[in-house]
Amino acid sequence: MTNKIPILASLILLSLTLGCGNKNPKKSNTYTFDIDKELAYCEQQATKTLTLIPEDGKSLPRNIAPDSQEWRFINYKDWTSGFWPGTLWYLYEGTGKEKWIASANTYSRYLTPLSVTPALDHDLGFQVFNSFGNGYRLTGNPEYKEIILKTADTLATLFNPNVGTILSWPREVPNMEWPQHNTIIDNMINLELLFWASKNGGDKSLYDIAVSHADVTMKNHFRPDYTSYHAVVYDRETGQKIKGVTHQGFADDSMWARGQGWAIYGYTMVYRETNDPKYLDFAQKTAKIYLDKLPEDLIPYWDFNAPNIPDEPRDASAAALVASALIELSTFAKDSNLSKNYVDNAEKMLAELSQNYQSRDANSAFLLHSTGHKPNGSEIDYSINYADYYYMEALLRLKKLKAGIPLTKPLPATIKQKD
């Protein structure tokens with residue numbers, strides 16, 4: 001599918017309508033959202049973070065607690081391990097400065113064991129495609145390609161043909177009725193690894209696995225209003241759906257903000273990879289219910305059905321994720337007004353994040369106020385690495401959109417933002 005960039009670029013206006021901010025807004029009547037300024041901010045923050053990482057060959061930054069400046073570090077096995085090296089690759093793309101290649105390569109290499117060990121869970125796409133995938137896209141390093149292809153084969157071992165989806169958690173998880181087959185909505189993002197591999201030297205069956213997973217998830221993971229369950233449990237032998245439940249949302253029947261974001265982002269990507277219009281239609285339906293229920297400032301509470309709104313934590317990570325997804329979705333929508341609506345909303349989300357959610361001097365992350373796993377009491381109102389990753393991805397996508405560059409193509413450092 002060819003992105004309809006030239007048409008969209010002429011439609012997009014830089015004027016913004018900002019809603020009310022976070023609980024503690026930092027409003028400024030003189031604030032102007034500028035993509036290059038925000039990208040420069042990300043570079044400044046990442047430069048600070050580099051000086052804080054232990055030089056032990058294993059530590060990757062994951063999160064920072066409220067009122068702290070200290071990162072909590074994880075190793076390559078953590079599901080978020082790919083976001084920091086992926087962010088470094090985006091810094092190289094956004095700045096054109098080759099110094100970022102060395103850092104991105106170093107931290108990507110930490111994840112190499114994932115390509116040659118049995119799958120711990122479904123997150124291999126998050127881990128390896130965000131790191132080595134971006135690295136290969138920007139450098140063409142053949143070693144990266146080999147690692148990506150091996151990892152795709154590893155991910156495919158979690159596919160259950162009786163069910164038609166990839167097993168998310170191959171272990172005991174509360175309320176998942178192990179050893180029955182569980183699949184979470186987050187898993188949609190990992191399909192990109194399989195699609196890419198099938199088209200770049202991997203087995204063609206990887207494409208079929210990704211399509212099957214998308215189809216079965218579409219059938220079983222969504223309620224009539226197109227809101228998503230976090231997890232669905234299937235009978236591993238018959239493939240029958242046992243139940244839809246939540247793990248990180250408020251309730252089994254609630255709309256967990258980031259989970260809905262994974263759905264929007266995932267089905268937009270599946271449409272890009274397959275050109276099947278049913279996925280475009282579905283992505284638009286999952287986006288509509290999300291946009292219809294957002295608060296005025298377009299930054300969601302951690303769950304749309306949380307009981308104490310407006311006194312509930314926000315989730316900047318969901319906002320960044322959906323902003324990035326909407327920018328891509330705008331390039332596929334057949335209706336120009338709908339395309340413009342997606343871009344306008346994404347730009348307002350990014351403006352709100354940039355004005356009222358940036359960490360600045362509070363810590364060296366990009367953003368504050370993300371919520372990881374509230375029912376578990378973890379990462380509530382934190383800075384989290386995946387919020388930063390999708391924030392920067394969205395900024396780069398918006399810059400490409402305005403410059404008339406297809407979103408999947410690298411951004412030349414010489415490209416200047418168009419008004």
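The rules behind each value
- Residues numbered from 1 in each chain as written.
- Predicted model: local features only at pLDDT ≥ 70, side-chain atom pairs only at ≥ 80, totals over all residues.
- Heavy atoms only, no water.
- Buried < 20%, exposed > 50% of the residue type's maximum accessible area, 1.4 Å probe, protein only.
- Helix = DSSP H or I, 4+ residues; strand = E, 2+ residues; numbered from the N terminus.
- Pairing = 2+ DSSP bridges.
- Axes fitted to C-alpha atoms, helices over the stretch in contact; angles between N-to-C directions.
- Contact = heavy atoms within 4.5 Å.
- Parallel < 35°, antiparallel > 145°, perpendicular 65-115°, else oblique.
- Left-handed = near helix turned anticlockwise from the far one by under 90°.
- Nonpolar A, V, L, I, M, F, W, Y, C, P; charged D, E, K, R; others polar.
- Salt bridge = Lys/Arg side-chain N within 4 Å of Asp/Glu carboxyl O.
- 1 Å grid on protein atoms, 1.4 Å probe; cavity = no way out; pocket = protein on both sides within 12 Å on 5 of 7 lines; lining within 4 Å.
- Points joined across faces, edges and corners; volume = space filled by probe spheres on them.

1. Quick look at the pairing of strand β1 (residues 60-64)
Within β1, 5 of the 5 residues are buried, leaving the element largely enclosed by the surrounding structure. As judged from the 2 bridges shared by β1 and strand β9 (residues 378-384), these two strands associate in the antiparallel manner. Paired with I64 across the two strands is S383, which belongs to β9.

2. Thoughts on the sheet that holds strand β5 (residues 181-184)
One open sheet accounts for 3 strands, arranged β5-β6-β7; its pairing is antiparallel. Whereas interior strands pair on both sides, the edge strands pair on one side only; in this sheet they are β5 and β7 (241-245). Strand-to-strand twist across the sheet, computed as the mean angle between neighbouring axes with direction ignored, equals 20°. Pairing between β5 and strand β6 (residues 231-234): 4 bridges, direction antiparallel. Across the sheet, the residue bridging to I184 is A231, located in β6. Helix α8 (residues 205-220) rests against β5, β6 and β7 of the sheet, and its axis sits at about 100° to β6.

3. Structural notes on the packing of helix α7 (residues 191-199) against α8
Interhelical geometry of α7 versus α8 gives an angle of 150° and a closest axis separation of 7 Å. With respect to α8, the axis of α7 lies roughly antiparallel. For the crossing formed where α7 meets α8, the hand is left-handed. Residue-level inspection shows L191, L194, F195, A197, S198 and K199 of α7 in contact with α8, the latter providing L206, Y207, I209, A210, V211, H213 and A214. In the contact of α7 with α8, the residues fall into 10 nonpolar, 2 polar and 1 charged.

4. Overview of the pattern of salt bridges
All told, the structure shown has 25 salt bridges when counted by the stated rule. For R62, the salt bridge identified is with D78, shortest N-O distance 2.9 Å. Taken together, the residues span a long stretch of sequence, with R62 in strand β1 and D78 in the loop between β2 (71-74) and α3 (83-95) at a distance of 16 residues. As far as the burial class goes, R62 and D78 line up, both buried.

5. Some remarks on the layout of surface pockets
Of the pockets and cavities examined, the largest pocket occupies roughly 620 Å³. Contributions of two or more residues to the lining of the largest pocket are made by α3, α5 (124-139), α7, α9 (257-274) and α13 (385-403). If you tally residues by element for the lining of the largest pocket, the top one is α5, at 8 residues. Of the residues contributing to the lining of the largest pocket, the split by class is 12 nonpolar, 6 polar and 10 charged. Taken as a whole, the second largest pocket holds about 420 Å³ of empty space. The wall of the second largest pocket is formed by 18 residues, among which R62, W79, W169, Q248 and H373 lie closest to the centre. Counting residues per element, the ones that place at least two in the lining of the second largest pocket are β8 (370-373) and β9. Each residue belonging to the lining of the second largest pocket can be placed in one class, and the counts come to 4 nonpolar, 7 polar and 7 charged.

6. Thoughts on the packing of α5 against helix α6 (residues 142-156)
Closest axis-to-axis distance for the α5/α6 pair is 9 Å, and the angle between their directions is 155°. When the axis of α5 is compared with that of α6, the two are roughly antiparallel. As for how α5 packs across α6, the hand of that crossing is left-handed. For the pair α5 and α6, contact is made by L124, V128, F129, F132, G133, G135, Y136 and T139 and by P142, Y144, K145, I147, I148, T151, T154 and L155, respectively. Taken together, the residues of the contact of α5 with α6 break down into 10 nonpolar, 5 polar and 1 charged.

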